[in-house]
Amino acid sequence: MHKLLKRQLGKINFESEVAETKSFEKFISMVDDAYCDADESREFLEHLLVTSSNERQELYEELEEKSKLQLEQSEAKYMRLVENLTDHYFFYTHDIEGIFTYLSDSVESMLGYSKEEFLVHYLEYLTDDPMNSLVEQNTVLAMQGIQQKPYQLNIYHKDGSTRYLEVTEIPIFDDNENVVHIDGIARDVTEQYYTQKELSYLAKHDMLTSLSNRAYLEEQLESMIHNAKRVKGTFAVLFLDLDHFKHINDTLGHDIGDKLLKEVATRIKPNIRTEDIFARIGGDE
């Protein structure tokens, strides 16, 4: 007889002789089987639960281990990247008061200053370039949680030269969507800056004479026409063409012809006012 059933019958002083009579024998047997079945079911479920729990724990630990490994691999990859870019990038973090809480060592290889020097005097290293007037404004907006586009600033290198940096600042939020600090990265774009400046110059100037080119002249003329219509004013265009220039090219060569064009530009230029536009349209025009 199942021990639980036996204990329960004992509590009600049920006589074992009565239990052995035919009238109760079948009933007791059914109850006893039910208790045994319940025990087996419970043991099976407990085993299933323990097995499932162990499997879940093993799976969790396996995933956690993989996550840790992936995180370590990512961090190692990140650190290798940072170390290899020390001449071009430095990373920093500042709190919502604008105080630096982290600065990467690469600032020294980039700008020549030690971390201690830069943390204390970085504002003094900014040049008087007008683009620097937006630095504080961008930082304030970032501290307010407003993501800003990358912006440029001009800063002195410790050797006295200047560097152009592209700065990206990202506000970091807590669970309540409050800004807790700003992560930033500064990239040296000096070479790109001067390349872009040179390209911009070439797009508007004639390579031979360094005068404005035809495209820039047309752009400026269009603007002047609109302004003249608006104020009901006028302006003048003086068109010069060198006589027999083709003959010079044909007899003396294009090098002499180029020297002549540059000499003409040099002689006329002192007579041009700052508000005037002096351009070479093409050829000897």
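Here's what I pulled together on the structure shown here. A quick note: this is a predicted structure, and the numbers were derived from the prediction, not measured.

1. As for helix H8 (residues 214–231)
Given a rise of 1.5 Å per residue, 18 residues ought to cover 26 Å, and the 26 Å separating the end C-alpha atoms of H8 matches this to within 8%. The N-cap residue of H8 is Asn213: its side-chain oxygen and the backbone nitrogen of Ala215 are 3.4 Å apart. Downstream of H8 by one or two residues, Lys232 has phi in the positive range, about 55°.

2. Let's talk about the nonpolar core
Ranked by size, the top nonpolar core spans 18 residues in total, and within it Phe90, Leu111, Phe118, Leu153, Ile155 and Leu165 carry the most contacts. Once residues within four sequence positions are removed from consideration, Leu111 is found in contact with Phe90, Phe118, Ile155, His157, Lys158, Arg163 and Leu165.

3. Considerations on the sheet that holds strand S2 (residues 100–103)
Reading across from one edge, S2-S1-S5-S4-S3 is the order of the 5 strands in this open sheet, with antiparallel pairing throughout. Every interior strand has two partners, whereas the edge strands, S2 and strand S3 (151–156), have only one. Neighbouring strand axes in the sheet, compared pairwise and without regard to direction, differ in orientation by 30° on average. Pairing of strand S1 (residues 89–95) with S2 involves 3 bridges; the strand directions are antiparallel. Looking across to S2, one finds that Tyr92 is bridged to Leu103. Set on the sheet, helix H7 (residues 190–204) makes contact with S3, strand S4 (162–173) and strand S5 (179–188); between it and S4 the angle comes to about 115°.

4. Focus: the packing of helix H9 (residues 245–252) against helix H10 (residues 254–268)
Packing of H9 against H10 brings their axes to within 6 Å, and their N-to-C directions diverge by 140°. When the axes of H9 and H10 are compared, the pair comes out oblique. In contact with Phe245, Ile248, Asn249 and Leu252 of H9, H10 contributes His254, Ile256, Gly257, Leu260 and Leu261. Among the residues forming the contact of H9 with H10, the class breakdown is 6 nonpolar, 3 polar and no charged.

What counts as what
Residues numbered from 1 in each chain as written. Predicted model: local features only at pLDDT ≥ 70, side-chain atom pairs only at ≥ 80, totals over all residues. Heavy atoms only, no water. Helix = DSSP H or I, 4+ residues; strand = E, 2+ residues; numbered from the N terminus. Expected span 1.5 Å × (residues − 1). Polar contact = N/O pair within 3.5 Å; in protein donor to acceptor, adjacent residues only side chain to side chain. Core = buried A, V, L, I, M, F, W, Y, C linked by side-chain atoms within 4.5 Å. Buried < 20%, exposed > 50% of the residue type's maximum accessible area, 1.4 Å probe, protein only. Contact = heavy atoms within 4.5 Å. Pairing = 2+ DSSP bridges. Axes fitted to C-alpha atoms, helices over the stretch in contact; angles between N-to-C directions. Parallel < 35°, antiparallel > 145°, perpendicular 65-115°, else oblique. Nonpolar A, V, L, I, M, F, W, Y, C, P; charged D, E, K, R; others polar.

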